[in-house]
Amino acid sequence: MHRRHLTLAGLAWLGGAQASATTRLPSPAPVPGPASTPPTPSTGPSTVASGGAPAASLRLLSEEFPPINFTEFGQPRGLSVDIVQAIQKRLGQSLPIEFMPWARAFREAQDGAPTALFSMARIPEREKLFHWVGPIVTFQSTFYAKAGSGLRLNSLAEAKRAPKVLVVRDWYTLTQLQSAGFHNLQQVSDPIQGVRMLAAGRAPLFAAEKLSMPQTLVQAGVSRDAIEEVFSFAASEGFIAFSRSTPMGTIQAWQHQLAEMKRDGSFQAIYKRWLPNDPPPR
């Protein structure tokens, strides 16, 4: 997923972000690997990564964000889940994945014990808060409007003049727009609430992520033709974000195994199952 293009406004603002556009949610085959376990924190002993590097016991955190990471019948699924589980298998690990609201996961990933949170957009405002392993996906920031509203945007400056812009609390899109000088933002708890409010006409714009929007509409019970894309303004690569307390040996081991997956083609195979119409990031 690495077509590189942006609108002039997005390019001027983020300077060289990589863009990707896809809306198709495939029905992937199961990925061989360790069995999923109930979403409870890991308190077991540390394991040893391949190559002899010690790997600290990690908390693995994620959110409901299909098709990238989500739960189905209580089990973790998604593109990033398959990647994380494949890396763990190569390291001889089988740590559980905890799913929780993004705002909570974002806070907990910065506190206390070694923690990995995925998938997280790597943007300048977050750079020093985490260590990064990736990239594993590309997110595209997009404004949506209610269908039939006639609203069209050609720049961020035009979006700033809207009476209200919905955005998910603690999402990277919120940080992007705040950094761009937006003062008309209304935070919502999750994307499902955002699309419902937009479809009901409670705000003219919703700043969200394009890749996940089709499944968000399904989860919200909102018809695909109830809202429409009006302007894509930036793209950011998604990573596995590790807390600053995580030992560098652990981070290096994960990055090495991800690089090996990209080298031997297993990363590309996972990517094709979930996002068959998009080239994977390098």
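Provided above is the structure to which this section pertains.
Residues numbered from 1 in each chain as written. Predicted model: local features only at pLDDT ≥ 70, side-chain atom pairs only at ≥ 80, totals over all residues. Heavy atoms only, no water.

## Let's talk about helix α5 (residues 172–179)
Counting buried residues along α5, six of its eight residues qualify, which places the element largely inside the surrounding structure. Among the residues of α5, those classed as buried are Y172, T173, L174, T175, Q176 and L177. (Buried < 20%, exposed > 50% of the residue type's maximum accessible area, 1.4 Å probe, protein only. Helix = DSSP H or I, 4+ residues; strand = E, 2+ residues; numbered from the N terminus.)

## Re the pairing of strand β8 (residues 130–146)
Of all 17 residues in β8, 16 are buried, a share of seventy percent or more. Direction of pairing for β8 relative to strand β11 (residues 205–209): antiparallel, over a ladder of four bridges. When the sheet's bridge partners are listed, S141 is paired in β11 with E209. (Pairing = 2+ DSSP bridges.)

## Quick notes on the pattern of salt bridges
Where charged atoms from two side chains of opposite charge approach closely, those side chains can pair. Scanning the model with the defined rule gives nine salt bridges in all. For R122, the salt bridge identified is with E127, shortest N-O distance 2.6 Å. Note on E127: relative accessible area 31%, which makes it partly exposed. Of the charged contacts, one joins R263 and E260 as a salt bridge, the two residues approaching to 3.0 Å between their closest N and O atoms. A residue pair is termed a helical-turn pair when its members lie 3 or 4 positions apart in one helix, as R263 and E260 do in helix α8 (residues 248–264) at three residues. Under the relative-accessibility criterion, E260 is labelled partly exposed at 23%. (Salt bridge = Lys/Arg side-chain N within 4 Å of Asp/Glu carboxyl O.)

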